[in-house]
Structure formats: C-alpha cells, structure tokens
Amino acid sequence: SPVVLQALLDRLVRVRPDASRRWGTLTAHEMLCHLGDACDMVTLARPRAQPVRVRRRPFVKYLWLWLPTRWPRGVPTNPMHDPRVDGTRPGDFDRDRRRVVSALQTIAAARLGSLEPGHGLFGTMTIGDWQRWAYRHTDYHLRQFGA
C-alpha cells in the first residue's frame, strides 16, 4: 500500500544519528546499514554468499509475518547484514538512509521473479510475503529507536 509505505518512510526520516536505542546493540546508523543490507539481499542487489535452502515453512512464516505479534528482541541476524561482521559499515548517514528508502520502494513495486525466492527462516516467499517482511522488519527497528 502506498499509504503504508509512505508512513514507514516518514518514520525513517525521523531517525537521527544520535538516537538512543531502547534495546539491542546497534547504533541508529548501524541499524540503517543493517536494513539496507537486508533489503538489498531481498532485491538481489546484494546476493547471498551462500544460497539458502528454500523449503515451505507456512506455519513459521504465518506466525512471524502475518500474526499481529511483536517480534522478539535479540534474534541473531545474518552476518552479511551485521555492520560489525560482514555487513556494510556506516558511512554517510543520509546516503545510508537513502539506500534503505530506495530498497523499500523497490520491494513495494516488485514484479514476479525480481525478489529473492526464499528466506532462511520463513522458507519460500511471495512478493506479498516480502512486502510484509519489509514492513515488519523496518517497523521493528524503527521502534527500537523510538521512531
């Protein structure tokens, strides 16, 4: 939904480099790099180092993506999305934020076959699943910084 996407983008604009986190270890700038890397993996702009074994996991996907429950805190991330491991290191804050905005817009406008076919935990993913994931993942981290 364009309205939901715009609301998410408006919240992203409110994040400041010195924002205090409510949980976790990432700084606000590291969080933007993490979101950018994760979204770039989905859009195939940053391909996985190793292909994920795609399998159907409808219960797990439904539980995490479609039920109105909050995601748990402290779940480890893919090292490729961790700015302290193999992820993108913070550079220019505004440029890193623009990368997240661009990737979210790409996911929102995705066409069949343009996105990663599967997620390591959720299994096979449709465009709608990835769009829901992008919202949930971004919302989780924006709440982490009070945005």
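For the structure itself, look to the data block above.
Here the structure is a predicted model, which means the values were calculated and not measured.

A. Examining the nonpolar core more closely. If you look at the biggest cluster of nonpolar residues, it comprises 35 residues, and the most contacted ones within it are Leu12, Leu104 and Trp133. Elements supplying a minimum of two residues to this core: α1 (2–13), α2 (28–42), α3 (58–66), α4 (93–108) and α5 (127–144). The biggest single contributor to this core is α2, with 8 residues. If we ignore the near neighbours within four places in the chain, the residues touching leucine 104 are Leu5, Leu8, Leu9, Leu12, Cys39, Ala134 and Thr138.

B. Layout of the packing of aromatic side chains. Under the definition given, this model contains 5 aromatic pairs. Arranged with centres 5.9 Å apart and planes meeting at 55°, the rings of tryptophan 64 and tryptophan 71 form a pair that is tilted. For tryptophan 71, a relative accessible area of 13% puts it in the buried group. Their ring planes at 90° and their centres at 5.3 Å tell us that tryptophan 130 and tryptophan 133 sit as a pair that is edge-to-face. Here tryptophan 130 pairs with tryptophan 133, and both are found in helix α5, just 3 residues apart, close to one helical turn. Tryptophan 133 shares its class with tryptophan 130; the two are buried. Put simply, the rings of Trp23, Trp64, Trp71, Phe122 and Tyr140 pair up and form one aromatic cluster. Across the ring face of tryptophan 23, the terminal group of arginine 73 is positioned such that the distance to the ring centre comes to 3.8 Å.

C. Quick peek at the packing of α1 against α5. For the pair α1 and α5, the least separation of the axes is 11 Å and the interaxial angle reads 30°. By the angle class used here, α1 and α5 are roughly parallel. Here α1 runs over α5; the crossing is left-handed. Every residue of α5 that contacts α1 at Val4, Leu8, Arg11 and Leu12 is listed here: Ala134, Tyr135, Thr138, Asp139, Leu142 and Arg143.

Calculation rules
Residues numbered from 1 in each chain as written. Predicted model: local features only at pLDDT ≥ 70, side-chain atom pairs only at ≥ 80, totals over all residues. Heavy atoms only, no water. Core = buried A, V, L, I, M, F, W, Y, C linked by side-chain atoms within 4.5 Å. Buried < 20%, exposed > 50% of the residue type's maximum accessible area, 1.4 Å probe, protein only. Helix = DSSP H or I, 4+ residues; strand = E, 2+ residues; numbered from the N terminus. Contact = heavy atoms within 4.5 Å. Phe/Tyr/Trp six-rings, centres within 6.5 Å; stacked < 30°, edge-to-face > 60°. Lys NZ or Arg CZ within 6 Å of the ring centre and 35° of its normal. Axes fitted to C-alpha atoms, helices over the stretch in contact; angles between N-to-C directions. Parallel < 35°, antiparallel > 145°, perpendicular 65-115°, else oblique. Left-handed = near helix turned anticlockwise from the far one by under 90°.

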